Each structure stands twice: as C-alpha cells, then as structure tokens.
Amino acid sequence: MSSKVSRRTFMKAGAAAVGALTCLRPLSPALGANSATPGIDYERVHGYCPFCQTRCTFTAFKKNGKAEFLVGKDGNRWTAGGMCPKGMSFLELADSPHRLTRPMLKTASGWQNISYDEAIALTVEKLQEARRRHGNEIARHLALTAPLWDCRESELAALITMRFAGCINIMPPGEVCISTASSTLNTLLGSGNSTTTVDEVENAELLVLWGANISETYPPYTRWLEKAKAKGVRIILLDCRRTRTSNFVDRQLRIAPGTDGALALGFVNQIIQDGSYDKAYVAENTNNFNALVKDASPWTLAQVAAATDLAEEDIIRFYRELMNSRRTMMWLGGSLSRYSNGMATVRAIIAMQVLCNQIMGSGKGLLTMESGKPEGEKEFVDHICGRAPAGVNFRRLRIAMDRNEIDVLFLNSSYRRYPDCDGLKETLKKVNFVIHRGFFKTEELEVAHLFVPATFTLESQGSHYGAEKQVVWRDKCQNAPGDCVPDWQFYRDIGRRLEPEKYPRFETPSELATLFSNTLPDWKGITVDRLRKSPSGLVGPIPAINGPELLGCIFRDGKFRTPDGKFDFLLKAVGPIIWTPPKGAPKDKDGDPKNFPLTFIQGKILTQWQQTITNFAASLAQFSNGRYVQVHPETASQCGVKHGETAYLVTAFGKVEARIEASEDITPGVVFTPSHFLGTSPYPATNSPPINSILPNYWDRISAQFNGLGCMLQPMKG
Amino acid sequence: MPRYRMLIDSNKCYNCGACIVGCQQRNSVPYGYRRNWVRVDADPDYGFGKGFQPGGCMQCDAPLCVEACPTQATWKGDDGVVLIDVQRCIGCGACIAACPYDARYRHPERGTVDKCDYCASSRHLGIAPACVQLCPAQVRTFGDASDPSSEVAQIAAQQTLTYVESPQSPTKPSLAFVGATTVTNWPRAAALPSPIAAMRVVATGVRYLGALSLFGVIAMFFKQILIPSDDKSGAEIHTPASGKGEKP
Ligand code: SF4
C-alpha cells in the first residue's frame, strides 16, 4: 500500500508546520521552563521535628516512597508553620552516605556486621546473664542513658523493657544541662514545666528574658516576642552576649555569666526592705518567709553590682521596672541551669515572682523551654510493671561504672554530652557490655560492644511533646534503610523475649499510644485520631474524650501544686538559697584567677543540635566554619590573640584549638564557644574535639554543670 | 493571569537560614549553592548591632540578565517571574555576570543557570514558596499583586515600600521591602564578559538571518499558491508504505 501526497498538499502542510512552529515559539520557554514535573502530586504525611521543645510540626511531601521536601504546618498555633534549618536537615540525614545501617558487633578483628535478630538475641542473652549473676541485686548493674532519638512511645517501650530487665537507672536527657530548672520548678511549684503557656506573653506588661536566647535556640518562638511587642509589652533581656534575640527587646542588661542569682536576691532583699512585696499574698500562700529574708539580706545594691558587673543605676532601673509592672512574666533560659549555682538562681527568681504575686493569673508566671513533658509516664510503666524505686543519677552511675559494677549499659545518644568525656570514655570501657543506638560513626563506637542503627523521624510513627505540654503526632513517611529500626521496636523486641507474657502487645506506636491514653485518666481525650487532626498538637491533660485543651496558667484553683497548696521558701532537702559564684569561676574559691582569669561559657547555636546528628548534615555545615571562640577584642588583645587566627582555648583540664572571633557582642573577660562539634564529623566545618573533653565533672545537686569555669586563650606559637 | 510578587519585612528577620535550606530542598539546589540569601550588615539601630536583609532574585521589570542572555533562555514572564528555559540555557554565565544582585548561579550538576522562580515547580500544589512558608518570622509575603484583595496587594497599597537597586545598573526590581531596610544600594554594576557580548551580536545576526530565510519560505509558499511555477505542480508524489520515498 502506498500513500499519495500532492505537491500542493505537501506545500500546504509544510507551510502549516512552519506557521505552527512560528506561533509556538514564544510559548516554548514556558513549556521547557526550569520547573519540576508540573502536575505531579505528592502524598502528604504529618510529622514533627524531634529536636527542640518548640516541636515544629510539618507536612512531608512524598514522592516515589521518599519525602522530597517539608512544609511547616501553618495551622500550628505555636509556630505558625515556621521551622528552623535543624528540623529540615532530616531530609538529608535520612539519605546520608555516612549513615550506618547494619548492626555491628565488635570482635577481636574489628567491627563485624550481624543481623538484627542476632543483635536482639545477644542483648537478651547479656541481660539474662546479668540477672543470673546478680539475682535480686540486678538493679545496681544495669543502666540506660537517654535521650532516645525517637518518640514518646519509644521511651515507654524502653522504660517497660528496662523494668522487666530489672533496670531502674535511667539517665534523664537533661541531666547535663537543664534538669536543674525543671526539677526546681517541680519541687517548689509541683510542676516541672512552664506555669503558663507562651501565648500569655501578650497579656503581660513586662517580659524578662532571663538568659533566654529565644531567637537563637528556639527560633520560631521569636514570633511571641514580636507579638508581645506589638501589644506594648516591655521586654528586657539578661545576657552577657548580644545575639539575634537582642534585636527584639527593649533593653538588655549584659550581666556577668552565672551571676543572675545575685541579681534576683538583690531584688528580693530590696522589696523586703522597703516592704513593697505583696504581704497579704505572701502571708496566705507561702511558708518560711523568714528563711528568705535571711537568705536575701546580704544582697545590698553594692553587693549585687560587685557580683554581676552591672552598673548600680542599671540595677535600680531594672528593679523599678519590676516593681511597677502589674503583670510580669519571666522566661527562664536553659543557660541559668548550666552553672553549678543554677538551683539557687532559679529558686531566687521564682521567689521574686512569688513575693510580687506574679505567678498565677493572666500575663504572669514562669516560662521554660526546658521541659514540657506531660505527666503520666511513670504511672503507666508502674501500671504495667509494678512500682519500682528511683535509680541513681549519672554522677553516681559513673562511680559504679568505675567500680566495674555495671554489666549492661544501653548508651543512647552520646557520652560526650557529659563533662570530662575523655575520662568518662575510660570509665565506660569498664562496663561489660555497652549497646549503642545511633546513626553515624561517632566516638561512641570506641566504647560500645554492639551497635544497632536507629531510625530518623520520617521513618516511624509516634508522638512527642513540646514546651507547652502539647502532644504531637507523626505518621511514618518512608522506610528506613538497611536494618535500621525505631527505638520502640528495638526495645519492644528485647522486652518481649524477656517477658513474653507480660510485655504489652503492640505492633505500632499508635497501638501503644492508645493503650496509654486508655490507661491514664488525664489522657483520655488525647487520642491518636485527634492528634492526627491537630496541627498544633494537644495540650494535656484532657480527661474527657473531645474535652477542651486548657491553655494559660496551670494553677487554676489559685493554689500551688504542693502538698499544702503553699509555696515554701525553704527547701528543706537543699537548705537556704545561698548564692556563690559558679564552681571553678575566676571569682570562686576553687578558681585560679591567675592562670585562668577568663570566664568560659558554652551553648547551642541556631544551626546545630547537640553533639551528634546535625554535625553530619551538609545543609547545616554550610553555615559553619569550624570551632570558634567568641571573645571581646580587648580580651583577645590582652591574651595576645587576633581575630581570625587559631588559638588554644585552655582550661585546667585540657585545651582545644579554636578560631578567634573577636567581637563586641560579648562582654570583656568572657569566652563563648558552641557545644555541638564532634571529632568524627565528615565536614571540617563541624569537626572538632568535643568541648566536654576540657570541662570538669562538676555537678550541682541535680545535674552536671560547668559553665562559668575559669579559662584562658593561648596563642598557638610561643 | 496572576502577577506574582514578593514583599519582605526585613526588620523581622533574624537570619535563621530556614529560607535558605527550605529553598534548597524544595528546588534541588545543592547545599552550598543558593537561590536566596540573608545579608548581614552592621547597623546600630538594632540591639544586636546588626540588621538582616533576606533576598533573592528581584524579579526585575527591566532585567539585565534577560538582555544579557545570548540564547533567549531567560525572560520575564507575564506572571511577573523571571524564568529560565534550561533547554536553551548554554550555561555561558552572561546572565550571572549581568545580574547586579548575584541572584543566579550555575548548577554544578546540570551546567545550566538556576535562580529563584518563586518555587514554580511546586506552585500547582497550592503551597507558598519555601522561603515564605517555612520562615519562622513570617518575614516574606507572596501572592498575586493583580488581585487587590490579596495580602501582598494590600501591603503594597498601604505601606511604604523600599527598593534595593544598583545605582549604576538599575533594573526596576519588583521585589520590595516593607518599610525601611538595612542597606539599599549594595547591588553592584552589571558586568558582561566581552566574548559573551560578542556572542550576543552574532546570535542576533543569526536570528535575523533565520527570520529572513523564514520570510523567503513563506513568500515562496504564497507565490506557489497564487502563481504555480509549473503545470506538474498537481502531480502526485508516491510514497511507498515502507517509508522509503521516491524522488518526484
Ligand atoms: S525550632 Fe526546634 S522543633 Fe522547630 S525545626 Fe528547629 S529544632 Fe526543630
């Protein structure tokens, strides 16, 4: 068969084609534009960032089985859809070429891959062996360090497994930083969380950011500073460093590090002396006022000025602003807890608020980002496993490890978060069997016997909680690579083998969460279904199905949550509020001002989270340039070091190399360095020996605290 | 057709970098390369002593990048966005040099130029550009400026806008800052390497020659219709089914 085309037809068709091409030409750029496949839809999966207590929620846009990008949830009343770069780094970390994805056992010839089942069997065998060896004394020989990098259900699964294994030594995640504030609040007020929700800042007259570097450490919460300002709230920041937060406040007092307690006690003393505190309120709602009178009496204006390095007129102005404010909120920064005197500081600040009747009611109270854990976890675990005594803290655990008393340690996260981490490494080597749950090659592998890879947030469902005590939910978005398993699965699989009859039956976190909310009366209304629908999460407690969330002040009946409903200025177990400089500070009795005249502080920076995961993210390394120390130009010059050059940061316990960042953003005599670096990061921008290798094993009564230590900067040569 | 526009309230920015990472992830921009940025300038008016100015392609109404492109791979669309056709882009870098804001970069894997297009690839999903959506400070407002009820149109109507523009190479940016911003004259003078400038002349010549040939073909076509050149013009051309044609 042949087709026939006339020449005229051919000409016509040709002309039509040319015409069509000519017409189409202007449109062609639009067709070939720099766009990904328009029209392709994505599956949308709910999630949250597991890092800070802001607990941003997001929707992951998923294609071909993987999240491609994240979109913050606009409906989140706390964050309005914002996130910080740390939370976004999960997209990259999940696919990281550096990720370890197989369980590994340390052998005489090095690390060898084993299967997940073998890893579980070996762990169970070690736990059973320890039980056989120690019988009823088993509790003294097992331990677990938190945090788990996963969800609340993982914590529950791990706690239940540990109880069944006979372990009660659970190291809380905040034990190296912020436990002090949370524990002090809990002891004094009956709740270890904020006394109100952050939206109440709009109703205050005065907001004091007491060492709370909100914009740097909890970026999306900066919006609450802006909202407060828009309502005419006056904001005062107390911090020795100028930071991003400084842009959102009316005034900043650059107080010497670790001296906040002296400033607070000075105020207490002043209002007691001039009688301007709320006498009726104090008489009715507090105990042991006279103890406070005694504790505060040494703190005259001159004493406060000498301790804090603040000018007397600045102190007077600050005190006057506090006295004139009818509604004051104090935002307690994590930094307050990071000095060995943190407990005295937090107690003194709480006392200030109580004396002025500034704890209960709208626009009043205390905020902290350092907790948020809703109550009920212990009751739930007790309900399943039976009651158990409290375990030891890490300070005591370390002593036990040194004495070769620990048989099995579950090392979640990093040991480098504890001070004197090089010494601690040697201690950890005395533990018979260390199981490390992690993601990357870190220093933990040097002390671990077994490594079992964990999952990132997109790879498993589960709930978590944030600073407002809000519980949030995520669904599983993508499969984890290799043999990576979530913590709830890892600990459940061990627990099931230890106690097959008693271990709760659940195949997913959703089932465990449902069991939890069905067990605890205050959680009845916090169902998985309702959580899934809530972009902000649900603020507990919610005792009734479909019951309302209760925002604002937690003291709804006007009473403190203490046994007698009153606030006690005298903490009998701890003693009076005695403020002294941080241990090892140049002005402390243990300090060495001659050799270490500068004050050391370390902390988080915006683009990194602690000493582990985020150091492996290229998306975050692009904002870094290696370890640095921030120091005032005068101080740099006194030490003989120059801006931009590398020098030694030296303490009595060791030294690390750091680039000098000379800046007037820090007060003279103070040295700041970020806490996040680690020695095995693949990126030079985030690779440095851990800072805790040059910090001493100092503790307050609750947690390890070492900021304020004396230090020195030394030129590399000479 | 909508006319997209972005307005930025730089006073709210605290340089957290969410806009940068969010954009990189949404648009497959390799880490270390950027479609957008945050400028940091010393400014005593701020408590931190520094002010921040987020930015990105200014989607200019007189874009020098468009003028500079030898292959017409970039143009200002009717929707207000300056776009790139990656099929046409030869990665010569002329537009990169021409942009006073350094808003363009050469993609290291593709070899073609890339820049902010207000997240055109995900607009059909009904979500705002990544830098707008993820910003924890809600610094940026984005929308259809031709719709008077849109937030972006209302801000533009009610507030004073500040434009950041190169004094030597003005480009009529459409992106504007709400109220005052830190520094307004930082964009540099546009530059164009001479081989590329020469290439533009050659490319223009080639385009004219092409247009001339097209005109010839069309003229021949009309001539054939009106005055057929020979009486065999109606003869059939036999095309075998195999597809192998015979010469007429
Ligand atoms: S602010 Fe906190 S919760 Fe939000 S993305 Fe950053 S680290 Fe995650």
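Residues numbered from 1 in each chain as written. Chains lettered and ligands numbered in written order. Predicted model: local features only at pLDDT ≥ 70, side-chain atom pairs only at ≥ 80, totals over all residues. Heavy atoms only, no water.

K.L.:
So, the layout of surface pockets: which residues are in play, and what are the values?
P.N.:
Taken as a whole, the second largest pocket spans an internal volume of roughly 850 Å³. Around the second largest pocket, the lining comprises 35 residues; the ones closest to its centre are Glu-216, Arg-244, Phe-623 and Tyr-628 of chain A together with Asn-15 of chain B. Of all elements in the fold, only β23 (628–631), β25 (654–662) and β26 (670–674) of chain A together with β2 (36–42) and β3 (50–56) of chain B reach the threshold of two or more residues within the lining of the second largest pocket. In terms of residue count, the dominant contributor to the lining of the second largest pocket is β2 of chain B (3 residues). (1 Å grid on protein atoms, 1.4 Å probe; cavity = no way out; pocket = protein on both sides within 12 Å on 5 of 7 lines; lining within 4 Å. Points joined across faces, edges and corners; volume = space filled by probe spheres on them. Helix = DSSP H or I, 4+ residues; strand = E, 2+ residues; numbered from the N terminus.)

K.L.:
An account of the confidence of the model for chain B is needed here, citing residue identities and associated values.
P.N.:
Residue and element names in this part refer to chain B. Model confidence for chain B is summarised by a mean pLDDT of 88, while 86% of its residues fall at 70 or above. For the stretch residues 231–248, pLDDT sits under 50, and the model shows 26 contacts to residues farther than four places along the chain or on other chains. As scored by the predictor, the complex reaches a pTM of 0.90 and an ipTM of 0.92. (pLDDT = per-residue confidence, 0-100. Contact = heavy atoms within 4.5 Å.)

K.L.:
Go over the nonpolar core with me, naming the residues and quoting the values.
P.N.:
Leu-207, Leu-209, Tyr-221 and Trp-331 of chain A together with Tyr-101 of chain B are the most contacted members of the largest nonpolar core, which totals 91 residues. Per-element tally for this core: the top contributor is helix α3 (residues 85–94) of chain A, with 5 residues. Not counting residues within four places of it along the chain, the set of residues in contact with Trp-331 of chain A comprises Val-198, Leu-207, Val-208, Leu-209, Trp-210, Ala-212, Ile-214, Tyr-221, Leu-225, Leu-367, Thr-368 and Met-369 of chain A. (Core = buried A, V, L, I, M, F, W, Y, C linked by side-chain atoms within 4.5 Å. Buried < 20%, exposed > 50% of the residue type's maximum accessible area, 1.4 Å probe, protein only.)

K.L.:
Lay out the environment of Thr-667 of chain A in plain terms, naming residues and giving numbers.
P.N.:
Within the fold, Thr-667 of chain A resides in the loop between β25 and β26. Measuring from C-alpha to C-alpha, the distance between Thr-667 of chain A and Thr-635 of chain A comes to 9.0 Å, with 32 residues separating the pair along the chain.

K.L.:
Lay out the pairing of strand β13 (residues 328–332) of chain A in plain terms, naming residues and giving numbers.
P.N.:
For a regular strand, side-chain orientation follows a simple rule: the groups alternate between the two sheet faces. Residue and element names in this part refer to chain A. Among the 5 residues that make up β13, 5 are buried, leaving the element largely enclosed by the rest of the structure. Along β13, one buried face is formed by Thr-328, Met-330 and Leu-332 and the opposite face, lined by Met-329 and Trp-331, is buried too. Here strand β9 (residues 206–210) runs beside β13; their pairing, made up of 5 bridges, is parallel. Each bridged residue has a counterpart across the sheet, and for Leu-206 the counterpart in β13 is Thr-328. Pairing analysis gives 4 bridges linking β13 to strand β14 (residues 365–368), with the strands arranged parallel. (Pairing = 2+ DSSP bridges.)

K.L.:
Run through helix α14 (residues 342–355) of chain A, naming residues and quoting values.
P.N.:
All names here are of chain A. Here α14 is 14 residues long and its end C-alpha atoms lie 20 Å apart, about the 20 Å a rise of 1.5 Å per residue gives. Of all the 14 residues making up α14, 14 are buried; the element is thus mostly covered by neighbouring parts of the structure. Immediately beyond the C-terminal end of α14, within one or two residues, lies Asn-357, with a positive phi of roughly 55°. (Expected span 1.5 Å × (residues − 1).)

K.L.:
Quick one: what's the story with the sheet that holds strand β18 (residues 462–465) of chain A, residue by residue and with numbers?
P.N.:
All names here are of chain A. One open sheet holds the 3 strands; their spatial order is β18-β19-β20, and the pairing between them is antiparallel. Two strands close off the open sheet at either side, each with one partner strand: β18 and β20 (538–539). Examined bridge by bridge, strand β19 (residues 470–474) and β20 share 2 bridges and lie antiparallel to one another. Across the sheet, the residue bridging to Gln-470 is Val-539, located in β20. With respect to the sheet, helix α5 (residues 152–165) is in contact with β18 and β19, its orientation differing from that of β18 by roughly 100°. (Axes fitted to C-alpha atoms, helices over the stretch in contact; angles between N-to-C directions.)

K.L.:
Outline the environment of Glu-129 of chain A, listing residues and values.
P.N.:
Residue and element names in this part refer to chain A. For Glu-129, the position within the fold is in helix α4 (residues 116–134). Glu-129 sits in the partly exposed class, given a relative accessible area of 28%. As for Glu-129 and Val-408, which are separated by 279 residues in sequence, their C-alpha atoms are 9.9 Å apart.

K.L.:
Provide a residue-level description of the domain arrangement of chain A, including the pertinent values.
P.N.:
Looking at the assigned domains, one finds that chain A contains domain 1 (2–94), domain 2 (104–175 + 393–454 + 486–539), domain 3 (179–368) and domain 4 (598–715). The C-alpha centroid of domain 3 of chain A is placed 37 Å from the C-alpha centroid of domain 2 of chain A. (Domains from an automatic or database assignment.)

K.L.:
Kindly report on the pattern of salt bridges, identifying the contributing residues and their values.
P.N.:
Residues and elements named next belong to chain A. For the coordinates displayed, the defined rule picks out 49 salt bridges over all chains. Between Asp-665 and Arg-242 there is a salt bridge, and its shortest N-O distance comes to 2.9 Å. Of the two residues, Asp-665 sits in the loop between β25 and β26 while Arg-242 sits in the loop between β10 (234–238) and β11 (251–253), which places them 423 residues apart along the sequence. With a closest N to O distance of 3.4 Å, Glu-426 and Lys-429 form a salt bridge. (Salt bridge = Lys/Arg side-chain N within 4 Å of Asp/Glu carboxyl O.)

K.L.:
Can you lay out the state of the cysteines for me, pointing to particular residues and giving the numbers?
P.N.:
The final tally for this structure, using the stated rule, is 0 disulfides over all chains. Among the cysteines around Cys-553 of chain A, which has no disulfide bond, Cys-356 of chain A carries the closest sulfur, lying 16 Å off. Residue Cys-553 of chain A is classed as buried on the basis of its relative accessible area of 14%. Looking at the unpaired Cys-89 of chain B, the closest cysteine sulfur is the one in Cys-95 of chain B, lying at 6.1 Å. Cys-89 of chain B sits in the buried class, given a relative accessible area of 15%. (Disulfide = S-S within 2.5 Å.)

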